[in-house]
Amino acid sequence: MKYLVLWILIFAGAILLYRAIVDIQESQKVEFISFTDLIKDIENIKEIRVKGNRIDGEFKDGRAFKTYGPVEWELLKTFSEKNVKVTIIPEEKTSWVRDLLIAWVPTLLIIFLLFSFIRGIERGNSRAISFTRSKAKIFVPRKDNKVTFDDVAGLDEVKEEVKDIIDYLKNPDKFKEFGIRPPKGVIFIGPPGSGKTLLAKAIANEAGVPFFYEVGSSFIELFVGVGSSRVRDLFERARKSAPCIIFIDEIDAVGRGRGTGIGGGHDEREQTLNQLLVELDGIESRGEPIVVIAATNRPDILDPALLRPGRFDRKIYFSLPDLKGRIEILKVHLKRVKSDPKIDIEKIARSIPGFSGADIESMINEAAIMAIRERKPFVDEELLMRARDKMIMGVERKTFFLTDEQKKKIAYHEAGHALIAKIQGPDKVERVSIIPRGKALGVTVQIPDEDMYVIDRDYLYKKITVLLGGRAAEEIVFETISTGAADDIEKSTDIARKMVYEWGMSSLGPIAFKSKEEYIFLGREIARHEDISEETARKLDQEVMNIISQCYARAKSIITENIDKLHKLATMLFEKETLTSHEIDSIIFSSS
Ligand code: ADP
Ligand code: ZN
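Draft legend 1. Structural context of the pairing of strand S4 (residues 64-68). Judged from the two bridges that link them, strand S1 (residues 31-32) and S4 form a sheet pairing that is parallel. Opposite Phe-32, over in S4, you have Lys-66 as the bridge partner. Two strands pair when backbone bridges link them, and strand S3 (residues 54-59) and S4 are joined in this way by five bridges, in the antiparallel orientation. For Asp-56, the partnering residue across the bridge sits in S4 and is Lys-66. Counted between consecutive antiparallel strands, the loop separating S3 from S4 contains four residues, among which Gly-62 sits at a positive phi close to 100°.

Structure (C-alpha cells):
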C-alpha cells in the first residue's frame, strides 16, 4: 500500500512535469501575434492551419506563429487569394478528454491522497499511514551495554525514592497479593541534563523491563487528532509488553495548563492531553503493570489534572550536582575513556560549579576528541581544563556558570539565612546549598517543626528575619547589596503585609483591612476601600515598614554578633556547596 501511494505520487509528478515541459517548449518556439497583425501581415504568410478558433501558421521566412480569431469563410477566401496555404484541421473528439485528464488527474490524485490520509488519521492506528503511529523508541533490556544504577552517579536520595518502582515492575503480582497500592505515574522534575532520562532507563534495566521513550512535543502535530492517536498507539504497544516503563520527556509540551496557550484553547494539545489522561486512568483502573514516568523542568505550568491522585501523583526532584555529585559523575564518565590516572578529580569538579551531568559528559567527550586530534595517549587534566573552558566560553552558553566572585556572594547570602535560622529558629534547617535550582541561585531548606494550624506573631517575626538574613549578610560583608534577595524581599513583605492588613497583628489592633492588592485593577490602583481613610492607609503602610525594619535590624545584629561563624559557614559552603544540618551545627555550635 505504501508503495502504491508512492507510485501514484511519482506518476502524478511525471504528468505535471511533462505538461510543464510542453508548455515551455511551445511558448519558446511559437510567437503569439494578434489577430490584427495576422491580417496586416497577410502578404508575408506562407501557410495557416485552422483548428476551431485557433490559428497556427508560418511566415514566409519560416517563423512560426499562433493566434486566435473568428475563422469565417470570408477570411479563408482572402487567405487563399493571397496564395496562403490553408488547412482546416478537425477538432478532435478525444482532445477534450485528454485535456481534461491532463488538467485534472494530478489535482484529483492529490485530493485523493489527502483524503485517504485524513481517513487514516480518523481511523487512528491505520497501518497504511504510519504518520499516526507513535514513534516511541523502545529499549529492551540487554545484558550488554545497559544503563544500571551504578551508571547514575550521585542522586542517592532519588535512587532511594524509586526503589519501589523496580520492586513493582519485577513483581507486580506480589503488590496485588498484598494489596499494596502500586506506583503508577511519577514525575521527574529538574533542569535539563540532570539525569532524568538516565535514571528512568536505569530503573527499566534494573527491573528487566522494556522502556518506551517519547518526547512530549512529538505528540503535538499540525493536524488535530494525530497527537491523541499517537498517545493511544504508544500505550497500546506498551500494554503488549507490560510490565514496562513509558517515559515521556518534556511533558510540558502536552501538559501545559489548558487555556493558557497563545490565542486561547489549542485543540490539538487539549485532545492529546485528554487522551493521555484517559490512558493514565485506564492503567490505574485496569491495574496494568505499567509505570509512566514524565519529565519536566516546568512543573508550575502543568495542567493540575495531570497531577491528580492516580495520575502523576509522585514528584521526584532532581537538582544539578553539588561538588560530591560532580566528583562521582566525573568518575563514572572518565571510566569510559582512556584517562590519566593522575587526574585530580576533585580539582576538576571544583572548577565546574553549575555543570549538569550532561555538561560533564560532553566536557569529557570534548577532551577525548582533543586527545585523539593531538595524538595524546589519554585524556589528562590539561585537556579536561581546556574542554571546560571551551564549554563555558561556548557560543551557546547553555550552561549556567558562576564565577568565584558570584559564588562567594551566594555563599554568604545563604549562610546568612542558615545562621539566623539555626540561632533563633523558627524552623529546622535541613540543608543549605549554593547549587542553582530553578530561578534561585541557592537554597536554605527549612522544615517546620510540626503541622501548624495556628501561627503566632513571634513565629512570623522570626520567619521574616530569616528571609532578610541573606540580604543582611551581603550588606555587612560586602557593603553592597544585590538583586539576589529580590525573592526574599517579596516574600517577607508579603508576610508583613498580611500581618498588618489581615491578621490584626499591628499596633492598630485586631482589625482586618482589605489588603491593597484587591483594589489594583489593570495595573492601576483605582480605589481604596471606603473603610480605610487616607490617614489609616498611611498608618498601615507605616506598620508594614516597621515590621520589616525591625526584623532587618534584628537580622543584622544576629549576624554582627556571630560574624566569625558567618565567615566559617560561608567558607565551608563555598568549598562544599551543600551543607547538611549536622555540618552547620558543627560550625555554629562548636566551642571554638
Ligand atoms: P535529562 O533527562 O535530565 O535532561 P539525561 O538523563 O538525558 O538528562 O542526561 C544526559 C546525559 O548526561 C546522560 O546520558 C548521562 O551521560 C549524563 N548524566 C546526567 N546525569 C548524570 C548522573 N547523575 N550520572 C551520570 N551521568 C549523568
Ligand atoms: Zn535568599
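Draft legend 2. Representation of the coordination of the zinc ion (ligand 2) within the structure. The protein atoms donating to the zinc ion (ligand 2) are His-413 (NE2), His-417 (NE2) and Asp-488 (OD), with metal-donor distances spanning 2.0 to 2.1 Å. Counting gaps between the donor residues of the zinc ion (ligand 2) yields the pattern H-x3-H-x70-D. Of the two residues, His-413 and His-417 both sit in helix H16 (residues 404-424), four residues apart, roughly one turn of that helix. Taken as a pair, His-413 and His-417 share a single burial class, namely buried.

Draft legend 3. Representation of the site of ligand 1 in the model. Taken together, 17 residues sit near ligand 1, with Ala-153, Gly-193, Thr-197, Leu-198 and His-333 positioned nearest. Take Leu-198: an N or O atom from its main chain is 2.8 Å from an oxygen atom of ligand 1. One nitrogen or oxygen atom from the main chain of Ala-358 is found 3.2 Å from an oxygen atom belonging to ligand 1. Calculation on ligand 1 without its partners gives an accessible area of 550 Å², and the protein chains cover 84% of this total. Within the residue set of the shell around ligand 1, elements represented by two or more residues are helix H8 (196-207), helix H12 (323-334) and helix H14 (357-373). Tallied by class, residues from the shell around ligand 1 come to eight nonpolar, six polar and three charged. Residues lining the shell around ligand 1 come from more than one domain, with at least three contributed by each of domain 1 (137-317) and domain 2 (323-393).

Draft legend 4. Just the nonpolar core, in detail. Membership of the largest hydrophobic core comes to 44 residues, with the highest contact counts inside it found for Ile-464, Met-499, Ile-547 and Leu-569. Put simply, the parts of the chain that give this core at least two residues each are H16, strand S12 (428-433), helix H17 (457-478), helix H18 (486-501), helix H19 (534-561), helix H20 (563-576) and helix H21 (581-588). It is H17 that contributes the most residues to this core, 10 residues altogether. The contact partners of Ile-464, leaving out residues within four places of it in the chain, are Ser-492, Ile-495, Ala-496, Met-499, Ile-547, Ile-548 and Cys-551. Counting residues in hydrophobic clusters, the runner-up holds 28 residues, among them Val-158, Ala-200, Ala-207 and Ile-293.

Draft legend 5. A look at H19. With 28 residues, H19 should cover 40 Å at 1.5 Å per step; its first-to-last C-alpha distance of 41 Å lies within 8% of that length. Buried within H19 are the following residues: Ala-537, Leu-540, Asp-541, Glu-543, Val-544, Ile-547, Cys-551, Tyr-552, Ala-555, Ile-558 and Ile-559. The inward-facing, buried residues of H19 contact H16, H17, H18 and H20.

Draft legend 6. Local environment of the packing of aromatic side chains. Enumeration over the complete set of coordinates arrives at seven aromatic pairs. When the centroid spacing of 4.8 Å and the interplanar angle of 45° are considered together, the rings of Phe-188 and Phe-318 count as tilted. Placement of the pair is Phe-188 in strand S7 (residues 185-189) and Phe-318 in the loop between strand S11 (312-317) and H12, with a sequence separation of 130 residues. Across the pair, exposure class does not vary: Phe-188 and Phe-318 are buried alike. One Lys or Arg, Lys-407, reaches over the ring of Phe-574 and ends 4.5 Å from the middle of that ring. Across the ring face of Phe-478, the terminal group of Lys-409 is positioned such that the distance to the ring centre comes to 5.6 Å.

Draft legend 7. Representation of H14 within the structure. Here H14 is 17 residues long and its end C-alpha atoms lie 24 Å apart, about the 24 Å a rise of 1.5 Å per residue gives. Following H14 by one or two positions, Arg-375 adopts a phi angle in the positive range, close to 50°.

Draft legend 8. Spatial organisation of the packing of H17 against H20. In the contact formed by H17 and H20, the axes pass within 12 Å of each other and the chain directions differ by 100°. The orientation of H17 with respect to H20, classified from their angle, is roughly perpendicular. Contact residues: H17 offers Ala-473, Ile-476 and Val-477, while H20 offers Ile-563, Leu-566 and His-567. Looking at the contact of H17 with H20 residue by residue, the classes come out as five nonpolar, one polar and no charged.

Draft legend 9. The arrangement of the pattern of salt bridges in detail. A complete count under the given rule lists 31 salt bridges for this structure. Notably, a salt bridge pairs Glu-575 with Arg-350, separated by 3.5 Å at the nearest N-O pair. Of this pair, Glu-575 sits in helix H20 while Arg-350 sits in helix H13 (residues 345-350), and the two are 225 residues apart along the sequence. What makes Arg-350 partly exposed here is its relative accessible area of 28%. For Asp-458, the salt bridge goes to Lys-462, with nearest N and O atoms at 3.4 Å. Of this pair, Asp-458 and Lys-462 both sit in helix H17, separated by four residues, roughly a single helical turn. What makes Asp-458 partly exposed here is its relative accessible area of 42%.

Calculation notes
- Residues numbered from 1 in each chain as written.
- Chains lettered and ligands numbered in written order.
- Predicted model: local features only at pLDDT ≥ 70, side-chain atom pairs only at ≥ 80, totals over all residues.
- Heavy atoms only, no water.
- Pairing = 2+ DSSP bridges.
- Helix = DSSP H or I, 4+ residues; strand = E, 2+ residues; numbered from the N terminus.
- Donors = N, O, S within 2.8 Å, 3.2 Å for Na, K, Ca; no water.
- Buried < 20%, exposed > 50% of the residue type's maximum accessible area, 1.4 Å probe, protein only.
- Near = heavy atom within 4 Å.
- Polar contact = N/O pair within 3.5 Å; in protein donor to acceptor, adjacent residues only side chain to side chain.
- Areas by Shrake-Rupley, 256 points an atom, 1.4 Å probe, with all protein chains shown as cover.
- Nonpolar A, V, L, I, M, F, W, Y, C, P; charged D, E, K, R; others polar.
- Domains from an automatic or database assignment.
- Core = buried A, V, L, I, M, F, W, Y, C linked by side-chain atoms within 4.5 Å.
- Contact = heavy atoms within 4.5 Å.
- Expected span 1.5 Å × (residues − 1).
- Phe/Tyr/Trp six-rings, centres within 6.5 Å; stacked < 30°, edge-to-face > 60°.
- Lys NZ or Arg CZ within 6 Å of the ring centre and 35° of its normal.
- Axes fitted to C-alpha atoms, helices over the stretch in contact; angles between N-to-C directions.
- Parallel < 35°, antiparallel > 145°, perpendicular 65-115°, else oblique.
- Salt bridge = Lys/Arg side-chain N within 4 Å of Asp/Glu carboxyl O.

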